[in-house]
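Analysis of the macromolecular model
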Amino acid sequence: MRILSDGRLSHIAIIMDGNGRWANKRGLPREVGHKYGAGAFRKIVEYCGDIGLRALTVYAFSTENWKRPEKEVNSILALLRQYVDECEKNLNKYPAYFHFIGDLSVFDETLRARIERIEEKTKDRPLTLNIAFNYGGRSEIARAFSRLAERGVREITQEDISAELYTAPCGDPDLIIRTGGDMRISNFLLWQAAYAELYFTDVLWPDFDEKELDKAIEDFYSRKRRFGGV
Ligand code: IPE
Ligand code: IPE
Ligand code: MG
């Protein structure tokens, strides 16, 4: 399904949830769920490029996900490294502007430098892919305030705050999708979600595919956004 050129939908954000349950249902370790989840993610990025979306923001790892067992956290970090390797090797084929959002200070310097290089080399791609890793909406807002305070801004406007968020270049999401059946935001894009359309599906993330995304997009186009008006 092509994104309509009327500008109503340019930015989709996804809470990719349900990997662990997908694995449990099959009697497999949670790590296997993350591996299949990473596969679903690759397909969706490619598809978003094909249909002409401008920005896709995905929630890959939250500031709260460090609470999980070390083995699981390490498996997610390994998948991330694998993805970075893959992007580096296929830079010319890579379908999006690779942009990390979140606190990357937890990564070693080599990995950070590699990420920066990929960001720099892909920045002219038409689809922006924000990967939220070690991301939390509250910490993002606190960071925005700290940055304004550092610059001595005292009369803080909404625009000042938006401009200091990681997502400033591509603006707020029009549509936020959460897979896995839970109906909550889990600290994702708190400020930016103010007027986003929310779409929840029971489909577990590793099973989410192009058809499921089409359903969400169709649902979005059937809605009437009022932004507080009539
Ligand atoms: C989402 O799937 C991936 C991350 C949070 C990293 P989960 O791992 O949360 O899967 P469930 O919700 O336990 O099924
Ligand atoms: C949200 O899922 C975070 C990601 C998808 C990366 P969680 O599984 O961590 O959220 P809760 O714990 O169900 O709220
Ligand atoms: Mg979960």
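See the structure shown above.
Residues numbered from 1 in each chain as written. Chains lettered and ligands numbered in written order. Predicted model: local features only at pLDDT ≥ 70, side-chain atom pairs only at ≥ 80, totals over all residues. Heavy atoms only, no water.

**As for the layout of surface pockets**
- Here the largest pocket is characterised by a volume of approximately 770 Å³.
- Along its surface, the largest pocket is lined by 32 residues, and M16, N19, Y59, A60 and N65 are the ones closest to its centre.
- Among the residues making up the lining of the largest pocket, the classes are represented as 14 nonpolar, 8 polar and 10 charged.
- Here the second largest pocket defines a volume of roughly 240 Å³. (1 Å grid on protein atoms, 1.4 Å probe; cavity = no way out; pocket = protein on both sides within 12 Å on 5 of 7 lines; lining within 4 Å. Points joined across faces, edges and corners; volume = space filled by probe spheres on them. Nonpolar A, V, L, I, M, F, W, Y, C, P; charged D, E, K, R; others polar.)

**With respect to the site of ligand 2**
- The environment of ligand 2 is made up of I15, M16, D17, Y59, A60, F61, N65, R68, R178, R184 and S186.
- One nitrogen or oxygen atom from the side chain of D17 is found 3.2 Å from an oxygen atom belonging to ligand 2.
- A distance of 3.4 Å separates an oxygen atom of ligand 2 from a polar atom in the side chain of R178.
- Protein coverage of the free-state accessible area of ligand 2, which is 400 Å², stands at 78%.
- Here ligand 2 is seated within the largest pocket.
- The greatest single-element share of the shell around ligand 2, amounting to 3 residues, is contributed by strand β2 (residues 55–62).
- Of the residues assigned to the shell around ligand 2, the class counts are 5 nonpolar, 2 polar and 4 charged. (Near = heavy atom within 4 Å. Polar contact = N/O pair within 3.5 Å; in protein donor to acceptor, adjacent residues only side chain to side chain. Areas by Shrake-Rupley, 256 points an atom, 1.4 Å probe, with all protein chains shown as cover. Sits in = over half its atoms within 2 Å of the grid points. Helix = DSSP H or I, 4+ residues; strand = E, 2+ residues; numbered from the N terminus.)

**Notes on the side chain of E119**
- Summarising the element assignment, E119 is placed in helix α4 (residues 109–122).
- Within the buried core, E119 has no salt-bridge partner, and the shortest N-O distance to an opposite charge, that of R112, equals 9.8 Å.
- At a separation of 2.8 Å, a polar atom in the side chain of E119 contacts the main-chain amide nitrogen of F100.
- When sequence neighbours within four positions are dropped, the list of residues in contact with E119 reads Y97, F98, H99 and F100. (Buried < 20%, exposed > 50% of the residue type's maximum accessible area, 1.4 Å probe, protein only. Lys, Arg positive; Asp, Glu negative; His and termini not counted. Salt bridge = Lys/Arg side-chain N within 4 Å of Asp/Glu carboxyl O. Contact = heavy atoms within 4.5 Å.)

**Thoughts on a nonpolar patch on the surface**
- A contiguous nonpolar patch, built from M183, L198 and F200 and spanning about 290 Å² of accessible area, is present on the exposed surface.
- L198 sits in the partly exposed class, given a relative accessible area of 34%. (Patch = residues over 30% accessible without salt bridge, like charges linked within 9 Å, V, L, I, M, F, W, Y side chains within 5 Å.)

**Considering the site of ligand 1**
- Around ligand 1 sit 13 residues, and of these D17, G20, R21, R30 and R68 come closest.
- Between ligand 1 and G20, the relevant distance is 2.9 Å, taken from an oxygen atom to a main-chain nitrogen or oxygen of the residue.
- Considering ligand 1 on its own, with 370 Å² of exposed area, one finds that the protein chains cover 87% of that surface.
- Comparing atom positions with the cavity grids shows ligand 1 to sit within the largest pocket.
- Here the element with the most residues in the shell around ligand 1 is helix α1 (residues 19–25); it accounts for 3 residues.
- Partitioning the shell around ligand 1 into residue classes produces 3 nonpolar, 5 polar and 5 charged.

Without other data, these values stay purely geometric and don't point to any function.
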